[in-house]
Amino acid sequence: MSILDKFFGGGKEREYARFLPIVKEINSFKEEIEALSDEDLKKETERFKEELKGGKALEDILPRAYAVVRESARRHLGEFHYDVQLVGGIVLHHRNISEMRTGEGKTLVATLPAYLNALTEKGVHIVTVNDYLARRDATWMGQVYSALGLSIGVINNQASYLYDPAHKEGSEEDEERDDLGSFKVSYEFLRPCSRKEAYASDITYGTNNEFGFDYLRDNLEYNKNELRQRGHTFAIIDEIDSILIDEARTPLIISAPAQDSENIYETFTTIARGLKKEEDYTVDEKLKAITLTDQGIEKSERLLGVDNIYTERGMKYVHHLETAVRAKALFEKDKQYVVKNDEVIIVDEFTGRLQPGRRWSDGLHQAIEAKEGVTIQKESRTYASVTFQNYFRMYEKLAGMTGTAFTSQEEFHTVYGLDVYQVPTNQPIARTDHDDLIFQTEQGKFKAVAKKVKELNEKGQPVLIGTVSIENNERLSDFLKKENVPHEALNAKNHEREAEIIAQAGEKGRVTIATNMAGRGVDIKLGGVPGSKEAYEEVKSLGGLFVIGTERHEARRIDNQLRGRSGRQGDPGETQFFVSLEDTLMRVFATDTVKNMMGRFKIPEDQPIHNKIITRSLERAQEKIEGFNFDSRKHVLSYDNVLNHQRTAIYEKRNRALLGGNEDVRDLLIEISGGDEEIEATLKEKEGLLGVDAFYNSARMVILQVIDTLWVEHLEGMDYLRGSVNLRAYGQRDPLIEYRKEGLRMFRELEASIDERILKTLPNIGGNAFVEEKKKLQEVHENARLIGQGSNAGASQKQGEKIGRNEQVTITNGTEEKTMKYKKAEQLLTTGEWKLKI
């Protein structure tokens, strides 16, 4: 294997070879650019824009533009892009994924393509995994962009900002946020602004959730002046594997409680409790699915008092029963969810973070609420939805960064058309990755982990331990307590200080237990933060950060992400995984041969073995699961593609009405009528009676409201269709083909209904007959407005109105109350533990 093949993956050598002359050309500008004054450096931006308007392509100005960004970073951050970072920036500009190890400066790398593409004045979106990182990166890198004359916006949940060097309101708020045990995030240089202003910036930082939700909100808007986004030109996604793979199956949904919601969840939960595994239902742990047996169906029918559950209420009973059994068999408290303050809150299986405001769909969340005995929330009505897969595929140009993408390169290429380049590290890697230690029992594994951690702790070497669940996190904490090892346990129950805890994990003598993905995007520096040179050297002499994985994850890249916490920028470090035959991965996927072989060794439970056969078995299991999950995401995408075509057509029609002038609305109405000479006469009559502007403004509202009302009903119908087509597999029919065929028929009916309703209402505009119709149509608009103001990620609504950041609010966690400005309460609200007292 050649050195290029090693670094950049097979088949990439020729493409990499064309990057090297570009790096050389960037370096050739070094002396000339360094000699420029700050003002002359800033003038380069206008010069580049003029060159682009004169016909030059971005590739033509890339070398000099990158040299300008590098010089701005040197002057304002004290950081100078290494050659490998220049390569990373070139990779990103050419619509690829730049795989760079933790600590290699991905945040700085993004400044290169972000600046270059912002010169087109169409806007660049930089996507982060949480609000903290969006604010941090914008404030940090904003110095580079601002010095070059570019504007920077930040989109956070319920707040948006502009980077403003003259704004100095941060220090006092930092102190108060620290008292709340929250992230240490400065608002210095971030001036509150409207969302529209943030999106109008040259470069906008924000989370994947907020970019997606704002897209949906814009397509529920009735005033074009209130639209937030201005297009989807270029996006750079940080931690791209987390966003486009791990979260790909979870759609963003804007919804509101349905008016009438039948509460039969307790009934089916009671029935499910009485059903026995294997006798009444079977569980496929590989596919995470349940199947009712004939005996289970008969028992359920007796309890419900029905003859045939499959004919009851249009299959509704079957759906509720299967959902209740899924909730019982496949969803475990403190693993997939936690119960806090009479609520079931989802735990992100990859990051270990709580997801307040997110709910499982199709009644699953209600079934789990019934199972746990908490208040069952009303079923919701969907007003708009989109998957991250289809949202990010709207961008004309997409790129991404991560430390772990290569094992998923097939999916990135197939779904998104993105290739993965493994960019070499700036310094040689000095980390030692030890072989896995394999134990017979989970109990023995945890004993051995505690013993190893105590040994490392006694010599002062910092240790970071990764777990896959809250339950294991707390269990391991108990083992360490028995060994009298001081430590900090970070999980979804106390994740408010996540970034701070992870950042300090490299301090001498520190022991930190966290979920495998905790603190993603936060650098761990040896000696701690802020650390002295002496502290750094001392920890370095002890061997650096020792990372222990307590279980292999389903995806190899999650294991690699955990390993990547250690050995940043050529630092020493060590990693090792402790696994047992009772771990989910081994229990479900390991072969009987492996299990029998382990049993024959007859060694103590806390004594490990090194066995290449078992290690290979683990890796094959991971590859198999990655394949299953890839197929599952492709399956979800295939169905969502059907709805995406419909969504695109509806939103295009909606935008013609919303953004068009009087003539555009007139043309649309004539088109809807199929060219009828009668409609044209009606239009002329109304223009003369009401005035051209007044009539077409009313007509515009009618079109938008009719589309929204019927689209919501259509989404419900498509949901029911999705559930019912799976049964057609029993008749040897492909459910996806059936979904496409039936979905197309329903969409044609929707389009016809929209046109018919608009034409029926048109003659009544300006008369009394329209008043009642308008009230009905307004319902969707008002509900959408309420949602758009922000209930998606926490509790930023107060009696349906957006709360000002300086408004006094009272929050409660059920036992105590605090009164403070909303901007200071915001971080606590996003944890899910605190709520607004209304």
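Refer to the structure presented above.
Residues numbered from 1 in each chain as written. Predicted model: local features only at pLDDT ≥ 70, side-chain atom pairs only at ≥ 80, totals over all residues. Heavy atoms only, no water.

### Section: the overall build of the chain
When its secondary structure is counted, the chain shows 33 helices and 27 strands. Going through the 838 residues of the chain one by one, you find that 55% of them count as buried. Within the chain, contacts between residues separated by at least 24 positions form 74% of all contacts whose residues are at least 6 apart in sequence. Total accessible area on the chain stands at roughly 35800 Å², and carbon and sulfur atoms take up 46% of it. (Helix = DSSP H or I, 4+ residues; strand = E, 2+ residues; numbered from the N terminus. Buried < 20%, exposed > 50% of the residue type's maximum accessible area, 1.4 Å probe, protein only. Contact = heavy atoms within 4.5 Å. Areas by Shrake-Rupley, 256 points an atom, 1.4 Å probe, with all protein chains shown as cover.)

### Points about the pattern of salt bridges
This structure, assessed with the given rule, holds 49 salt bridges. Linking Arg75 and Glu71 is a salt bridge whose minimum nitrogen-to-oxygen distance equals 2.7 Å. Within this pair, Arg75 and its partner Glu71 are both found in helix H5 (residues 58–77), separated by four residues, close to a single helical turn. For Glu71, a relative accessible area of 2% puts it in the buried group. Salt bridges linked by common partners bring Arg195, Glu210, Asp214, Arg217, Asp218, Glu221 and Arg228 together as one network. (Salt bridge = Lys/Arg side-chain N within 4 Å of Asp/Glu carboxyl O.)

### Looking at the nonpolar core
Of all hydrophobic cores here, the largest spans 97 residues; its most connected members are Leu216, Leu244, Phe392, Phe412 and Leu669. In terms of residue count, the dominant contributor to this core is helix H30 (residues 692–725) (15 residues). Excluding anything up to four places from it in sequence, Leu216 contacts Leu252, Ile254, Ala384, Ser385, Val386 and Tyr651. In this structure, Ala65, Ala114, Ile203 and Ile236 belong to the second largest nonpolar core, which totals 60 residues. (Core = buried A, V, L, I, M, F, W, Y, C linked by side-chain atoms within 4.5 Å.)

### Quick look at the sheet that holds strand S25 (residues 808–812)
Read across the open sheet, the three strands follow the order S26-S25-S27; overall the sheet is antiparallel. With one partner strand each, in any of the chains shown, strand S26 (817–821) and strand S27 (835–836) form the two edges of the open sheet. Direction of pairing for S25 relative to S26: antiparallel, over a ladder of five bridges. Bridge pairing in S26 places Gln808 opposite Lys821. (Pairing = 2+ DSSP bridges.)

### Looking at the pairing of strand S12 (residues 343–346)
The pairing of strand S11 (residues 337–340) with S12 spans four bridges and is antiparallel. Pairing of Lys340 across the sheet is with Glu343, part of S12. Between S11 and S12, which pair antiparallel one after the other, the connecting turn spans two residues, and Asn341 there sits at a positive phi close to 50°.

### Some thoughts on the packing of aromatic side chains
Per the stated rule, a full pass over the model turns up 17 aromatic pairs. Here Tyr215 and Tyr651 contribute two aromatic rings whose centre-to-centre distance is 5.9 Å and whose plane-to-plane angle is 70°, an arrangement assigned as edge-to-face. One end of the pair, Tyr215, is in helix H12 (residues 208–218); the other, Tyr651, is in helix H27 (residues 612–659), with 436 residues separating them in the sequence. Each member of the pair, Tyr215 as well as Tyr651, carries the same accessibility label: buried. (Phe/Tyr/Trp six-rings, centres within 6.5 Å; stacked < 30°, edge-to-face > 60°.)

### With respect to the sheet that holds strand S6 (residues 203–207)
One open sheet holds the nine strands; their spatial order is S5-S4-S3-S6-S2-S7-S14-S1-S15, and the pairing between them is mixed. Unpaired on one side and paired on the other, strand S5 (190–192) and strand S15 (420–422) mark the two borders of the sheet. Across this sheet, the average inter-strand angle for adjacent strands is 20°, counted without regard to direction. Where strand S2 (residues 124–128) and S6 come together, five bridges link them in parallel fashion. In the sheet register, Thr128 faces S6, and the bridge partner there is Thr207. Its contacts with the sheet place H12 against S2, strand S3 (152–156) and S6, and it is angled at close to 100° to S6. (Axes fitted to C-alpha atoms, helices over the stretch in contact; angles between N-to-C directions.)

### Focus: the packing of H27 against H30
H30 packs onto H27 with a crossing angle of 170° between their chain directions and a minimal axis gap of 10 Å. On the basis of the axis angle, H27 is roughly antiparallel to H30. Listed contacts from H30 to His635, Tyr639, Val642, Leu643, Gln646, Arg647, Ile650, Tyr651, Lys653, Arg654, Ala657 and Leu658 of H27 are Arg700, Ile703, Leu704, Ile707, Asp708, Trp711, His714, Leu715, Met718, Arg722 and Val725. A class-by-class count of the residues in the contact of H27 with H30 yields 14 nonpolar, three polar and six charged. (Parallel < 35°, antiparallel > 145°, perpendicular 65-115°, else oblique. Nonpolar A, V, L, I, M, F, W, Y, C, P; charged D, E, K, R; others polar.)

### A word on a positive patch on the surface
A surface patch of positive charge is lined by Lys286, Lys612, Arg616, Arg620 and Lys624. For Arg616, the location among the structural elements is in helix H27. Overall, the relative accessible area of 43% leaves Arg616 in the partly exposed class. (Patch = residues over 30% accessible without salt bridge, like charges linked within 9 Å, V, L, I, M, F, W, Y side chains within 5 Å. Lys, Arg positive; Asp, Glu negative; His and termini not counted. Charge placed at Lys NZ, Arg CZ, Asp CG, Glu CD.)

### A word on helix H4 (residues 38–53)
The first and last C-alpha atoms of H4 sit 24 Å apart over 16 residues, in line with the 22 Å expected at 1.5 Å per residue. All buried positions along H4 are accounted for by Leu41, Glu44, Thr45, Phe48, Lys49 and Leu52. Looking at the buried residues of H4, the elements they touch are helix H3 (30–34), H5 and helix H8 (111–118). Following H4 by one or two positions, Gly55 has its phi on the positive side, about 115°. (Expected span 1.5 Å × (residues − 1).)

### Comments concerning the packing of helix H6 (residues 83–93) against H8
Each pair of packed helices can be described by the angle between their axes along with the distance between the axes. Two numbers describe how H6 lies on H8: the axes approach to 8 Å, and their chain directions differ by 45°. Compared by their axis directions, H6 and H8 come out oblique. The hand of the H6/H8 crossing is right-handed. Facing Gln85, Leu86, Gly89, Leu92 and His93 of H6, the residues of H8 in contact are Leu112, Pro113, Leu116 and Asn117. Across the contact of H6 with H8, the residue classes tally to five nonpolar, four polar and no charged. (Left-handed = near helix turned anticlockwise from the far one by under 90°.)

Note that every value here comes from positions in space, so none of it alone points to a role or purpose.
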